[in-house]
Amino acid sequence: IIKDVMTAVKDKIKSYQKDLETERRKLFEDLNNSVAERIWRRTKREMQSYDSELVQKEAHKLSKAISINHRETETPRLKQKGRNRRFRRSMRTNRPKRTEAIEQSAQALTLPELPTLEAINLTATILTESEKDILAKGPSFCSMPKDINWMQLHDDLERFERRIRLAVYYHQKNNPENESNKSENLIFPLVPSTKKWTPPKSNNPEIELFLTNVRKEVLNPGNIRKARDNLTKEERVAIKNLKCNSNNIIRIQDKGSRFVLIDKEEYNGKMLEQLSNPLHYLSTSDNRTKLHLDRVKEWSDKWLVQQQITDKIANWVVNLEPKAG
């Protein structure tokens, strides 16, 4: 069988060589000698590259081929003891000592102490332990409300829906108020809008579906869970006592986060001392609010006539309902 295959291969190679020679003759007859030689060299290089690829594939196949008696003749490998151990014996014995040293160094570290929020008591009253605990929680502490303010919840939901619908309404659109302000001189501040216009329902069904689902989830009584109170009964009583005590005033520390308890009379005396300082304050016999309002009106009318400000800015500057202080 192998001889027949080899003879068939040789015959096929001879036929390919004859065809190649005829094509070469046609090439040199049809084209110029220089052009034909260039084309022939290029085809020759391609044939050489194909030949090298075939040789590499043949070598790869021979390397993958394994003889039948290969495993029988192969000598078995002996497993060496101690190769698979993760650590040496000396390291295993020294491990407890290392852990003890790490624990000792961790205990020796001194962490920075957190600032205490204990209240500063400048009064003569003695605070109870529960009052000290509630004041030590600091001004950022929020107690858990016992009841839900449904009116406030409805107002918050309406405000949230209005903001979402406004964002959708003005999406990829120019706000007319912003366009009018752009034409004004940039040295003047932008006049805040006092309009409370509520946009209509959006044409986008996904937005309206989202808002309705949010409202249902928030107002659903089944979703209400009774939260655990973060204050004890004694601390609740302490809050009431601190609120009802009219002799003391609680203020936040000027440079810090602690509460300061000060006597009411002493606090009022210090405030009057600050107000009676002639360098900063001057006492008057009458209310001068109207006088200042007239001066502001004169200023706005003057610059409005000279067309330096617009009507909107002139009306915004003049406060028709002034309040002292």
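Quick note: structure is the one above.
Just so we're clear, the structure is a prediction, and the values are computed from it rather than from any experiment.

Draft legend 1. Representation of the nonpolar core in the model. Counting residues in hydrophobic clusters, the biggest one holds nine residues: Ala 119, Leu 127, Ile 134, Leu 135, Leu 231, Ala 238, Leu 242, Phe 259 and Leu 261. Not counting residues within four places of it along the chain, the set of residues in contact with Leu 127 comprises Asn 121, Lys 132, Leu 135, Leu 242 and Leu 261.

Draft legend 2. Spatial organisation of the sheet that holds strand β3 (residues 259-263). With mixed pairing, the three strands of this open sheet are ordered in space as β1-β3-β2. The sheet terminates laterally at β1 (120-121) and β2 (248-252), the two strands that pair on one side only. When β1 meets β3, the two strands line up parallel, connected through two bridges. Paired with Ile 120 across the strands is Val 260, a residue of β3.

Draft legend 3. Just a nonpolar patch on the surface, in detail. On the surface, a cluster of nonpolar side chains totalling about 230 Å² of accessible area is made up of Val 5, Val 9 and Ile 13. Among the structural elements, Ile 13 can be located in helix α1 (residues 2-30).

Draft legend 4. Summary view of the packing of helix α5 (residues 129-136) against helix α9 (residues 233-244). Contact pair α5 / α9: the axes reach a minimum separation of 8 Å and the direction vectors enclose 85°. Relative to α9, the element α5 is oriented roughly perpendicular. In this structure, α5 contributes Ser 130, Glu 131, Asp 133, Ile 134 and Leu 135 to the contact, and α9 contributes Glu 234, Glu 235, Ala 238, Ile 239, Asn 241 and Leu 242.

Draft legend 5. Molecular detail of the pairing of β3. Within β3, four of the five residues are buried, leaving the element largely enclosed by the surrounding structure. With five bridges joining them, β2 and β3 adopt antiparallel strand pairing. Its bridge partner being in β3, Ile 249 is matched across the sheet by Ile 262. Connecting β2 to the antiparallel partner β3 that follows it, the hairpin turn spans six residues.

Draft legend 6. Local environment of the side chain of Ser 130. Within the secondary structure, Ser 130 sits in helix α5. Among all residues touching Ser 130, those that are not within four sequence positions of it are Glu 234, Glu 235 and Ala 238.

Draft legend 7. Representation of the pattern of salt bridges within the structure. Evaluation of the coordinates by the stated rule reveals eight salt bridges. A salt bridge links Arg 159 to Asp 156; the nearest nitrogen and oxygen atoms lie 2.8 Å apart. Taken together, the positions of Arg 159 and Asp 156, both in helix α6 (residues 150-169) and three residues apart, correspond to about one turn of that helix. Judged by its relative accessible area of 47%, Arg 159 is partly exposed.

Draft legend 8. Examining the packing of α6 against helix α8 (residues 205-219) more closely. Two elements in contact, α6 and α8, have axes whose closest approach is 11 Å; the angle formed by their N-to-C orientations is 165°. Taken as axis vectors, α6 and α8 run roughly antiparallel relative to one another. Considering only the axes of α6 and α8, their crossing is right-handed. Contacts between α6 and α8 pair Trp 150, Leu 153, His 154, Leu 157, Glu 158, Phe 160, Glu 161, Ile 164, Arg 165 and Val 168 from the former with Ile 207, Glu 208, Phe 210, Leu 211, Val 214, Arg 215, Val 218 and Leu 219 from the latter. Partitioning the contact of α6 with α8 into residue classes produces twelve nonpolar, one polar and five charged.

Cut-offs used in this document
- Residues numbered from 1 in each chain as written.
- Predicted model: local features only at pLDDT ≥ 70, side-chain atom pairs only at ≥ 80, totals over all residues.
- Heavy atoms only, no water.
- Core = buried A, V, L, I, M, F, W, Y, C linked by side-chain atoms within 4.5 Å.
- Buried < 20%, exposed > 50% of the residue type's maximum accessible area, 1.4 Å probe, protein only.
- Contact = heavy atoms within 4.5 Å.
- Pairing = 2+ DSSP bridges.
- Helix = DSSP H or I, 4+ residues; strand = E, 2+ residues; numbered from the N terminus.
- Patch = residues over 30% accessible without salt bridge, like charges linked within 9 Å, V, L, I, M, F, W, Y side chains within 5 Å.
- Areas by Shrake-Rupley, 256 points an atom, 1.4 Å probe, with all protein chains shown as cover.
- Salt bridge = Lys/Arg side-chain N within 4 Å of Asp/Glu carboxyl O.
- Axes fitted to C-alpha atoms, helices over the stretch in contact; angles between N-to-C directions.
- Parallel < 35°, antiparallel > 145°, perpendicular 65-115°, else oblique.
- Left-handed = near helix turned anticlockwise from the far one by under 90°.
- Nonpolar A, V, L, I, M, F, W, Y, C, P; charged D, E, K, R; others polar.

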